[in-house]
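This is what each chain is made of:
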Amino acid sequence: MSDQPTSRRSVLVGIAVTAAAGIAGYSVARASDLTKPRSATSGANGYGPSAGAGTFLADVQQIPPVGGGLILSQALVVLVREADGSVKGFSATCTHQGCTVASVQGGIISCPCHGSQFSAKNGAVVQGPAPRPLPSVPVVVRGAGVYTE
C-alpha cells in the first residue's frame, strides 16, 4: 500500500513534465522564423531560389531562343528568352506538389510529375492540376550573364 502514493506522485510529476515540455515547445515554435510568411523567391516551399540578390545564374548564350528555356535545378529557376532578347525568370518549382519542372519547349514549361504546364511568357497555368502560376523570379542581364536582382 505504501507504493500507491509514490506511484501517484510519479504520474503527477510525469504529467507536469510533459505539460511543461509542451508549453516550451509551443513557445519556441511560435518565436521561430519558420512560422513567418516567405516571399516567392525564398526557396524551399517558397517556390523560388534562396540565393541572395545579384547571384550569377547563367550565361545569356546558354538560354535557348524564343520558345525554349533553361532550367537551373540547383537555383530552382527557369530562364526564358523573349522575342526582343530580354530574359525572364520563373520559379522551377511546380505549384501543384513542388516537383521541379523538366522542360521548356514551344513556349510551354512542363512538370513531369502530374502533367502541369505553364506559359513561358508569364508563368500562367496552361494545363492543371497546378492551382497557381509559376512565380516570377526577378533577374537582370549584366554583360553576358544573367543574375538574380
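Scroll up to find the structure.
Residues numbered from 1 in each chain as written. Predicted model: local features only at pLDDT ≥ 70, side-chain atom pairs only at ≥ 80, totals over all residues. Heavy atoms only, no water.

(A) Region of the structure containing the overall build of the protein chain. If you tally the helices and strands in the protein chain, you get one helix and 10 strands. If you list the helices and strands of the protein chain from N to C, you get α-β-β-β-β-β-β-β-β-β-β. Taken across its 149 residues, the protein chain has 32% of its residues classed as buried. Of the accessible surface of the protein chain, which amounts to about 8,800 Å², a share of 57% is contributed by carbon and sulfur atoms. (Helix = DSSP H or I, 4+ residues; strand = E, 2+ residues; numbered from the N terminus. Buried < 20%, exposed > 50% of the residue type's maximum accessible area, 1.4 Å probe, protein only. Areas by Shrake-Rupley, 256 points an atom, 1.4 Å probe, with all protein chains shown as cover.)

(B) Representation of unusual backbone geometry in the model. Look at L76: it is not a glycine, yet its phi comes out positive at around 55°. If you trace the backbone, L76 turns up in the loop between β2 (69-72) and β3 (77-81).

(C) A look at the state of the cysteines. Tallying each qualifying case throughout the model produces one disulfide. Linked covalently through their sulfurs, C99 and C113 form a disulfide whose S-S length is 2.1 Å. Looking down the S-S bond of the C99 and C113 bridge, the torsion is -105°, so its handedness is left-handed. Here C99, found in the loop between β4 (87-91) and β5 (103-105), pairs with C113, found in the loop between β6 (108-110) and β7 (117-119); they are 14 residues apart in sequence, far enough to count as distant. Distance from the sulfur of C94, which forms no disulfide, to the nearest cysteine sulfur (C111) is 3.8 Å. (Disulfide = S-S within 2.5 Å.)

(D) Quick peek at the sheet that holds β6. Spatially, β5-β6-β7-β8 is the arrangement adopted by the four strands of the open sheet, whose pairing is antiparallel. Edge positions in the open sheet fall to β5 and β8 (125-127), since each of these has one partner strand only. Neighbour-to-neighbour, the strand axes of this sheet turn through a mean angle of 30°, independent of strand direction. (Pairing = 2+ DSSP bridges. Axes fitted to C-alpha atoms, helices over the stretch in contact; angles between N-to-C directions.)

(E) Inspection of the pairing of β2 at higher detail. Bridge count between β2 and β3: four bridges; the pairing is antiparallel. Counterpart to G69 in the pairing with β3 is V80. The antiparallel pairing of β2 with β3 creates a hairpin that spans four residues between the two strands, and L76 there sits at a positive phi of about 55°.

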